[in-house]
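In case you want the letters, here they are:
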Amino acid sequence: MLYTKKALQMGAIAVGLAAFAGQSSLAESAKKEDSKPSVRTETMQVMPELTMASHFVGVPYNRSGVSVSIINPEEFQKAGIETLTGALSQTPGVFTLDGGGTWQRGSVSNTVIRGMNKDTYTLTMVDGMRISDANMSGNKLLGITNLFTVGNVEVVKGAQGAVFGSGAIGGVVAMDTPQGEGDPVTRIFAEAGSFGSFNSYVTSSGKIKKLSYFVGVGFETTENDPSIYPAIYDNRTGMNDFRQWQEAVRLGYDINDKVKVSFTYRRLDSYFEYPTPYVDYNQWPSVPDPHLYNTEDKNRSNLVTGRVDAEISKLWSTSFMVGHYNMDYSCHTPGFDFQPNVMRNRRFQAEWRNALTWNKEWKTIAGMAWDRSDYMSENNYVAKDEWQSTLAFFAEQMWSPTDSFDASVALRLEHDSVWNNHFTWRYSNSWKVTGKDSPTRIFGSVGSGFRAPTWFEQYAANYGYVGNPDLDVSKSLGGDLGVEQRLADGHYASVTGFWTRINDEIGTKSVGTWPNSYTTYANYSHRTSYGVEVAFKGQFKDAWNSGYYANYTFTMPKRDSIGKYETIQMANTARHTVNAEVYTSPVEKLTVGFGVTAAMGRTDYNYARLDNFFTARLFARYQATDNVSLHVRLENLFDQKFIMTNDYNFGPREARGFGIFGGVTVEF
């Protein structure tokens, strides 16, 4: 109740601020004949217009050869999907679970792009800032972020080292704070439902003359589903409690029609409590049963960026960005203060990009980037406080000889204060087979990537782990080739084949036998992942405003486990994933939909096989008035019971059961 009361108080403050911001625009809109609030249409954009993250500059989606999926948060929210992991789980080539790796809000996300199962293989970007690298995980952020304060999200797949640098072996998840545009709009959202869940947010956005703005604040709390621990479930409280605040601000100002400045600020404060055992190893094995306690995870982060975009001439455009990110994480079990587990990360980043448009056919992008990162980690076995800096020079040459063919070559040279120099490259092209308006497009890319060993992999001294300071950098080469076909007006299908090979892949290695055994890290000869993505998406232009999407991904992620012939499927991966959704409006103002998610050929953290699973969801939205809409969603519709993972301490962990949630959105 304390957090709910605080949420209502903060929500009221946010509404007041939003209303104040909206009042400034009333003087302008009062001069117009129609000053009634506008309601956004429910139509779906079948294919995206632009991709902003797959190149150094924005490129029309159908002119990029890079494999990219673009997530529109508003579309997913209308379908009852409110979390970033929920949207990612519906994306071709991505395997993750809504709410995190245990399907519980607050848990760390295991986001796997095309079989690349480590967070060090997937780079997370927010507002142009690198949130993850070898020592800073982005999976916590991916697991707990909602879609209310996020603009478009792009999943750029394949080795992207040439554009993003280290850590982009499997791909990149890039997101931005929304940019205000059009008449001021304020939204208030509130939802409650199963598992003691309550979710709310307030946003206000728009553009007033030369000033654009977005302000958002959200609060979420849930008890999750404690019955997923069948071995210890005893109706205890606090077994999976999660709550968090998220705030986001974006301001933009047009100095003139040639120069624009922008500023973003994001804050996240989360708390997750979950059961954990404690064993006095001095008495082991005479006391084999662990005592059960609740562990508290606390995560706080702040992100600030500033940016200037200027058109110097018709030939030359330039952009300069600076940013600072900090993250404080602690894992604490009350009563065991002698076991600290804290991490503090700080990063400062600066980047300068220049675009030279020589003519209609040729465009060159060139620039440089610098960042400094500080890492502090402490537990009862080891303490590290390190820093490193990176200086990078990059360039991309784009060539469009005709309206039907586009190609680009990207190059990047990085100098790291710890890992010296690394060179990465990428080639991509897109070809509209029979002309500018062709219904058939062939696209593909090939490129390289790398990632350095983490501090933990080099110097671990935690219980059961010993680091290896002689580890080498892992390097990758990957590519894809796809065909996108317009089946009819508003209906598209695509098939994309992909592969990635990592040399000197870093993995775990067991040494010795109990009780003198331990786990260390080693460079294996190689690791490969290959597969195919098939996607359908469309909208029927009928009175019912019906639409659908369906995705299937086959991935074979393997590692050469002994340096010769034996191969194993990588941990926390799935060979087959299926996602589908249909929606329609049988009566005016009502939209209903049905969606399914399935995964087969799954493994857990120890490479062991897991159950195939199939879940279904049902959602409905009713536009009661021009300003008020009501919604309801049913998750795990058939209450499917299956094993999510084999917990090391508690044995098999079951999926979250059936849940029902409902709420209201007010817009003015």
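Let us look at the structure shown here. Residue numbering note: each chain is counted from 1, following its sequence as written. Where totals are concerned, whole chains, interfaces and linings use all residues; where local detail is concerned, this predicted model gives features only for residues with pLDDT of at least 70, and gives and counts side-chain atom pairs only at 80 or more. Working from all heavy atoms in the structure, the side-chain values ignore hydrogens and water.

**A look at empty space enclosed by the protein**
- Any residue with an atom within 4 Å of a point lines the site, the site being either a cavity, points on a 1 Å grid over the protein atoms alone where a 1.4 Å probe fits but cannot get out, or a pocket, an open set with protein on both sides within 12 Å along at least 5 of 7 lines. Grid points are joined across faces, edges and corners, and a volume is the space filled by probe spheres set on the points. Taken as a whole and assessed by the stated rule, the structure comprises nine cavities of 30 Å³ or more.
- There is about 590 Å³ of room inside the largest cavity.
- Along the walls of the largest cavity sit 42 residues, with Asp98, Trp103, Arg633, Glu635 and Arg656 positioned nearest its centre.
- Helix numbering and strand numbering both begin at the N terminus, where a helix is a DSSP run of H or I of at least 4 residues and a strand a DSSP run of E of at least 2. Taken together, the elements giving at least two residues each to the lining of the largest cavity come down to strand E4 (94-95), strand E10 (185-193), strand E11 (197-208), strand E12 (211-222), strand E28 (574-584), strand E29 (590-603), strand E31 (613-623) and strand E32 (628-635).
- By residue number, the principal contributor to the lining of the largest cavity is E29, which donates five residues.
- Grouping the constituent residues of the lining of the largest cavity by class yields 14 nonpolar, 19 polar and nine charged. Here the term charged refers only to Asp, Glu, Lys and Arg, the term nonpolar to Ala, Val, Leu, Ile, Met, Phe, Trp, Tyr, Cys and Pro, and the term polar to all other amino acids, Gly among them.

**Here's the deal with the side chain of Arg114**
- Counting through the fold element by element, Arg114 comes out in the loop between strand E5 (112-113) and strand E6 (122-126).
- Any pair of nitrogen or oxygen atoms within 3.5 Å is treated as a polar contact; in protein, a donor-acceptor pairing is required on top of that, and neighbouring residues in sequence qualify only through side-chain atoms on both sides. One polar contact links Arg114 to Asp480, side chain to side chain, over a distance of 3.1 Å.
- Here Arg114 is in contact with Ser67, Gly93, Lys157, Gly158, Asp480, Thr496, Phe498, Ser529, Glu533 and Thr555, once residues within four sequence places are set aside. Any two residues whose heavy atoms approach within 4.5 Å are treated as being in contact.

**A word on the nonpolar core**
- Definition of nonpolar core: a set of buried residues of the types Ala, Val, Leu, Ile, Met, Phe, Trp, Tyr and Cys, connected through side-chain atoms within 4.5 Å. We call a residue buried when its accessible area falls under 20% of the maximum for its residue type, exposed when it is over 50%, and partly exposed in between, using a 1.4 Å probe and counting protein chains only. Residues Ile71, Phe76, Leu84, Val153, Met175 and Tyr325 are the most contacted members of the largest nonpolar core, which totals 33 residues.
- For this core, the elements supplying multiple residues, two or more each, are helix H3 (84-88), helix H4 (139-144), strand E8 (153-157), strand E9 (171-175), strand E14 (259-278) and strand E16 (316-332).
- Top contributing element to this core by residue count: E16, with four residues.
- Counting 22 residues, the second-largest nonpolar core is a separate cluster that includes Val59, Val156, Ala355 and Ala369.

**Some remarks on the packing of aromatic side chains**
- When two rings of Phe, Tyr or Trp (its six-membered ring) have centres within 6.5 Å they constitute a pair, described as stacked for plane angles under 30 degrees, edge-to-face for angles over 60, and tilted for the intermediate range. For the coordinates displayed, the defined rule picks out 14 aromatic pairs.
- Measuring from centroid to centroid gives 6.5 Å for Phe195 and Phe661, while their planes differ by 55 degrees, and the two rings are tilted. Here Phe661 lies in strand E35 (residues 659-667) and Phe195 lies in the loop between E10 and E11, a separation of 466 residues in the sequence. With respect to burial, Phe195 and Phe661 carry one shared label: buried.
- Measuring from ring centre to ring centre gives 6.3 Å for Phe456 and Tyr521, while their planes differ by 80 degrees; the resulting arrangement is edge-to-face. Note that Phe456 is positioned in helix H6 (residues 455-459) and Tyr521 in strand E25 (residues 518-539), a separation of 65 residues in sequence.
- With relative accessibility at 33%, the residue Phe456 sits in the partly exposed group.
- Joined through ring pairs, the aromatic side chains of Phe148, Phe189 and Tyr201 make up one cluster.
- The ring of Tyr61 has Arg441 sitting right over it, with the charged end atom 5.3 Å from the ring centre.
- Placement of a positive charge over a ring is assigned whenever Lys NZ or Arg CZ falls within 6 Å of the ring centre and within 35 degrees of the normal to the ring plane. Sitting above the plane of the Phe661 ring, Arg633 keeps its charged end 4.3 Å from the centroid.

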